[in-house]
Amino acid sequence: MTLRKGIQKVKDILEGGKKCCEDVNFILTFPTGYGKTTLSLELANMISNSYTRNFARIIHVVPTRALAKDIEKRAKDEGLEYAVQYSFSPSEIKSPEFLAKFVITTYDSFLLNLYKASIGEPYRSHGHYDLPRFSIYTSLVHFDEFHLMNDDKSWTSLMTAVRHLSRMGVNMILSSATPSWKIEKELIRMMENREIKKLAIVNEFGQAVKKQNCELKDKDGDIAYYRCTVDSVEYETIEIKESLEVPEIDIKFIDGEVDKIIDKVKENQGKRILIVVNTVEHAIEIYEKLKEKLKGLSICLLHSRFKIKDREEIFNKIGDEWKCEKGKGERGCDVIVATQVIEVGVNLSAEVLITEQAPITSIVQRAGRLLRCDSEKDKRGELYIWKSDNTEPYNKHEVINTISKLEELLKNNKNVSLKLPYGNKNLIGYADIVDEVIKAPDVDVGLALELEDIAENIFSTKEDLDDLLDRYCNITRGSFIVNVATEIPKSEKDLIPLEGELVDKVVVKDINEKGEQCIKAYVEEFYLNKTTDTDKVKLKEMCIEIDTKDLRNLCKQYRKVYEDEDKETRYIIYALKADKEKYSQEIGLRI
């Protein structure tokens with residue numbers, strides 16, 4: 001298989017030493033669909049077949065379980081040995097200590113392990129957290145889609161991790177289709193003691209170093225090398241000219257109410273139509289209106305508040321035609337209404353995309369689902385941006401400035417490519433819009449200092465992280481997630497992930513034997529089998545005293561390890577019980 005030029009260049013640099021591999025860190029700006037996953041698979045295959053002096057494994061870190069599962073499938077198809085680590089990952093391929101040659105994990109699991117969470121040992125203050133930390137320190141870590149760590153808390157956790165790993169001499173790859181220069185500068189500063197190479201796919205030389213402090217060193221055919229600095233930190237930028245065939249996309253705007261979206265669907269009947277909105281409430285509203293007004297079409301709804309098994313069934317229903325797969329060519333769904341769950345790790349190809357207004361980074365990710373198949377490169381796609389009254393959950397100024405900039409360019413007859421960061425001969429790339437619109441998240445200095453102390457102080461333990469989590473709740477997202485279930489779960493596929501602030505609206509409440517209000521919950525009960533001296537585990541329903549209106553209390557109690565009076569039985573919350581009347585397989589959890 002012929003690799004894309006950017007992927008091959010990274011391999012060539014790493015293999016450049018006498019013994020694989022060169023001690024270098026990378027920042028990669030590759031377009032959506034370019035093959036960042038392919039890079040990790042290639043490197044995993046490389047280290048399985050040769051001796052490496054700087055790292056013993058590849059750890060591929062991604063923002064969602066859906067993307068982790070997609071990479072897992074590709075690794076399996078290519079016959080690679082691999083392991084995974086994320087919430088409820090299958091036990092037969094799980095590696096909580098990150099000891100496998102190729103590990104696929106999420107930012108949640110990776111950062112908690114780095115900061116001594118001792119995943120898999122909830123009852124221990126110390127645990128074996130040094131095992132996964134050893135694995136991390138002896139690995140090449142690929143932080144994929146790092147731009148999605150974009151709230152202040154997750155950005156602080158990532159930046160602190162990058163700085164710590166740089167000090168420890170860990171090799172890293174940071175890749176994204178939509179990084180802003182403001183964010184890249186901060187990453188370069190965090191890696192000041194390392195050799196850094198930034199690779200970008202361009203249409204013309206000079207595009208990736210515009211407005212940056214860079215000096216041309218050399219050119220070699222389709223590759224240009226620049227010596228660059230940020231403050232006192234030196235790094236190298238490598239521009240790679242590569243002609244990429246991408247479909248042209250007509251960008252138009254929709255003003256007004258939801259009914260205008262219905263009209264666009266009517267106009268485009270017969271095509272694969274994907275509608276992406278910013279909230280579950282909007283998705284349900286549009287889905288129900290489409291079902292009411294367009295009874296002859298098959299409409300599918302996809303968002304985060306479905307049981308995992310129901311979401312998988314919906315995705316399986318979508319059909320081969322959407323998935324660029326050879327098969328019967330069945331469409332399954334004429335229209336898909338979805339939220340951000342389809343932005344990363346979901347391989348869908350629409351002919352028409354209708355997206356609610358969002359920051360340019362999100363619009364680019366959504367446009368990555370438009371004419372995605374190789375056979376569709378010569379087609380022309382249609383993208384409609386719905387100018388709703390809503391900017392949540394995004395930064396209001398980033399949303400407004402994105403729309404304003406796109407409207408200005410189109411008004412001046414300047415066509416924009418949402419597939420190529422630096423465009424091509426006919427189209428302006430989206431990189432300049434990203435640089436203009438997207439700001440680097442703020443760093444929480446207090447959180448950063450605490451995380452740094454936990455990572456670097458040999459006397460810090462899991463208890464220090466637990467104390468931090470009691471105050472911050474989590475370190476990888478603005479909101480924390482609680483699993484709920486409508487009945488006793490047979491597996492993790494019966495769980496519904498839900499934002500903590502919404503839990504009080506759906507949980508089942510009761511009165512305990514003390515006459516106090518409690519919340520129904522499904523708990524994992526651990527008790528000692530004295531014959532074998534091992535823990536036995538069973539799942540059961542209990543009523544637990546939790547104030548679900550107090551988010552900090554909810555977060556603390558949800559993570560808590562409970563004990564009975566004789567301390568022989570312990571339990572942790574597996575899921576809170578949700579009102580089954582609020583759930584349906586068609587709509588998901590309605591709030």
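Whatever comes next refers back to the structure up there.
Cut-offs applied
- Residues numbered from 1 in each chain as written.
- Predicted model: local features only at pLDDT ≥ 70, side-chain atom pairs only at ≥ 80, totals over all residues.
- Heavy atoms only, no water.
- Helix = DSSP H or I, 4+ residues; strand = E, 2+ residues; numbered from the N terminus.
- Rg over C-alpha atoms; globule rule 2.2 N^0.38 Å.
- Buried < 20%, exposed > 50% of the residue type's maximum accessible area, 1.4 Å probe, protein only.
- Areas by Shrake-Rupley, 256 points an atom, 1.4 Å probe, with all protein chains shown as cover.
- Lys, Arg positive; Asp, Glu negative; His and termini not counted.
- Charge placed at Lys NZ, Arg CZ, Asp CG, Glu CD.
- Pairing = 2+ DSSP bridges.
- Axes fitted to C-alpha atoms, helices over the stretch in contact; angles between N-to-C directions.
- Contact = heavy atoms within 4.5 Å.
- Disulfide = S-S within 2.5 Å.
- Core = buried A, V, L, I, M, F, W, Y, C linked by side-chain atoms within 4.5 Å.
- Salt bridge = Lys/Arg side-chain N within 4 Å of Asp/Glu carboxyl O.
- Parallel < 35°, antiparallel > 145°, perpendicular 65-115°, else oblique.
- Left-handed = near helix turned anticlockwise from the far one by under 90°.
- Nonpolar A, V, L, I, M, F, W, Y, C, P; charged D, E, K, R; others polar.
- Expected span 1.5 Å × (residues − 1).
- Arc of directions from axis to C-beta.
- Polar contact = N/O pair within 3.5 Å; in protein donor to acceptor, adjacent residues only side chain to side chain.

Engineer: Looking at this structure, how should I read the overall build of the protein chain?
Structural biologist: Broken down by element type, the protein chain carries 16 helices and 25 strands. Since a compact globule built from 591 residues should have a radius of gyration of about 25 Å, the 24 Å found for the protein chain is in line with a globular shape. For the protein chain, the spread of C-alpha atoms along the principal axes amounts to about 75 × 65 × 45 Å. For the protein chain, the proportion of its 591 residues judged to be buried stands at 55%. Of the roughly 26,100 Å² of accessible surface on the protein chain, 44% is carried by carbon and sulfur atoms. Put simply, the protein chain has 91 plus and 104 minus side-chain charges, and the middle of one group is 2 Å from the middle of the other.

Engineer: How should I be thinking about the sheet that holds strand S13 (residues 299-302) in this particular structure?
Structural biologist: Sheet strands associate in pairs through backbone hydrogen bonding, adopting either a parallel or an antiparallel arrangement. Strand order across the open sheet formed by 6 strands is S11-S16-S15-S12-S14-S13, with parallel pairing between neighbours. Of all strands in the sheet, those with a lone pairing partner are strand S11 (248-255) and S13, marking the two edges. Shown here is a sheet whose adjacent strand axes are inclined to one another by a mean of 15°, direction ignored. Across 4 bridges, strand S12 (residues 273-276) lies against strand S14 (residues 335-338) in parallel orientation. Within the sheet, the bridge partner assigned to Ile-273 lies in S14 and is Val-335. Sitting on the sheet, helix H9 (residues 280-293) is in contact with S12, S13, S14, strand S15 (352-356) and strand S16 (380-387), with an inclination near 170° to S13.

Engineer: Would you explain the state of the cysteines in this entry?
Structural biologist: Disulfides are covalent bonds that link the sulfur atoms of two cysteine residues. Applying the stated criterion to the full structure yields 5 disulfides. Across the disulfide, Cys-300 is cross-linked to Cys-333 (sulfur-sulfur distance 1.9 Å). One quick way to see it: the torsion about the S-S bond of Cys-300 and Cys-333 is about -75°, and its sign makes the bridge left-handed. With Cys-300 in strand S13 and Cys-333 in the loop between helix H10 (308-317) and S14, this residue pair connects regions lying 33 residues apart in the sequence.

Engineer: How should I be thinking about the nonpolar core in this particular structure?
Structural biologist: One broad trend across soluble globular proteins is that nonpolar side chains are buried collectively. Core analysis: the biggest nonpolar cluster contains 90 residues, and Ile-275, Leu-290, Leu-418 and Leu-576 have the highest contact counts within it. The element contributing the most residues to this core is H9, with 6 residues. Setting aside its immediate chain neighbours within four residues, Leu-576 contacts Val-482, Asn-483, Val-484, Ala-485, Val-503, Val-507, Ile-519, Lys-520, Ala-521, Ile-546 and Leu-554. Judged by nonpolar contacts, the second largest core, of 51 residues, contains Phe-98, Tyr-226, Val-230 and Ala-455.

Engineer: Teacher, can you tell me more about unusual backbone geometry here?
Structural biologist: Trans peptide bonds make up most of the peptide bonds, and negative phi angles are found at most residues other than glycine. With an omega of 5°, the peptide bond running from Glu-392 to Pro-393 counts as cis. Mapped onto the elements, Pro-393 comes out in the loop between S16 and helix H12 (396-411). Notably, Phe-98 is not glycine yet its phi reads approximately 60°, a positive angle. Tracing the backbone shows Phe-98 in the loop between strand S3 (83-85) and strand S4 (102-106). You can call Phe-98 buried: its relative accessible area is 0%. At Asn-413, a residue that is not glycine, the phi angle is positive and equals roughly 60°. Relative to the helices and strands, Asn-413 resides in the loop between H12 and helix H13 (431-437). The class of Asn-413 is exposed, set by a relative accessible area of 70%.

Engineer: What should I look at first to understand the sheet that holds strand S7 (residues 196-202) in this one?
Structural biologist: Taken in spatial order, the 10 strands of this open sheet run S3-S4-S2-S5-S6-S1-S7-S10-S9-S8, and their pairing is mixed. Here the strands that pair on one side only, and so sit at the sheet edges, are S3 and strand S8 (214-220). The mean angle between the axes of side-by-side strands here comes to 20°, regardless of whether they run parallel or antiparallel. Where S3 meets S4, 3 bridges bridge the pair, whose relative direction is parallel. Looking across to S4, one finds that Val-84 is bridged to Ile-104. The sheet contacts of helix H2 (residues 36-49) involve strand S1 (25-29), strand S2 (57-62), S4, strand S5 (139-144) and strand S6 (171-176), and relative to S2 the element is tilted by about 160°. Its contacts with the sheet place helix H5 (residues 130-137) against S2 and S5, and it is angled at close to 85° to S5.

Engineer: What am I meant to see in the environment of Gly-79 here?
Structural biologist: Residue placement: Gly-79 occurs in the loop between helix H3 (65-77) and S3. For the pair Gly-79 and Lys-317, spaced 238 residues apart in the sequence, the C-alpha separation amounts to 27 Å.

Engineer: What is the right way to read the pattern of salt bridges from this model?
Structural biologist: One pass over the full model with this rule turns up 49 salt bridges. The partner of Arg-305 in a salt bridge is Glu-499, with the nearest N and O atoms 3.8 Å apart. Of this pair, Arg-305 sits in the loop between S13 and H10 while Glu-499 sits in strand S18 (residues 496-499); the two residues are 194 residues apart in sequence, bridging distant segments of the chain. Arg-305 sits in the buried class, given a relative accessible area of 4%. For Glu-499, a relative accessible area of 22% gives the class partly exposed. Overlapping salt bridges, with partners in common, bring together Arg-163, Arg-167, Glu-452 and Glu-456 in one network.

Engineer: How do you make sense of the packing of H2 against H3 when you look at a structure like this?
Structural biologist: Closest axis-to-axis distance for the H2/H3 pair is 11 Å, and the angle between their directions is 45°. Considered as vectors, H2 and H3 are oriented oblique to each other. Handedness of the H2/H3 crossing: right-handed. Facing H2, whose interface residues are Thr-37, Thr-38 and Leu-41, H3 presents Ile-71, Arg-74 and Ala-75. Here the contact of H2 with H3 is composed, by residue class, of 3 nonpolar, 2 polar and 1 charged.

Engineer: Sorry if this is basic, but what is going on with the environment of Val-335 here?
Structural biologist: Within the secondary structure, Val-335 is located in strand S14. Sequence separation of Val-335 and Pro-132 is 203 residues, and the distance between their C-alpha atoms is 44 Å. Ignoring sequence-local partners within four residues, the contact set of Val-335 consists of Val-265, Ile-273, Ile-275, Leu-290, Leu-297, Ser-298, Ile-299 and Cys-300.

Engineer: How do you make sense of H12 when you look at a structure like this?
Structural biologist: Since the α-helix packs 3.6 residues into each turn, any two residues three or four apart lie on the same face. Between its first and last C-alpha, H12 extends 23 Å over 16 residues, near the 22 Å set by a 1.5 Å rise per residue. Glu-398, Val-399, Thr-402, Ile-403, Lys-405, Leu-406 and Leu-409 are the residues of H12 that are buried. The arc that holds the buried residues of H12, viewed along the axis, is 165°, so those residues lie on one side. Of the exposed residues in H12, those oriented more than 90 degrees away from the buried face are Lys-396, His-397 and Lys-411. Buried residues along H12 sit in contact with S11, helix H11 (360-367), S16 and H13. Put simply, Asn-395 is the residue that caps the front of H12, since its side-chain oxygen is 2.9 Å from the backbone nitrogen of His-397.

Engineer: Teacher, can you tell me more about helix H4 (residues 107-114) here?
Structural biologist: With 6 of 8 residues buried, H4 is to be regarded as a mostly interior element. Residues Tyr-107, Ser-109, Phe-110, Leu-111, Asn-113 and Leu-114 constitute the buried set of H4. Where H4 is buried, its residues meet S2, S3, S4, H5, S5 and helix H6 (152-167). One or two steps after H4, the chain reaches Lys-116, where phi turns positive at roughly 75°.

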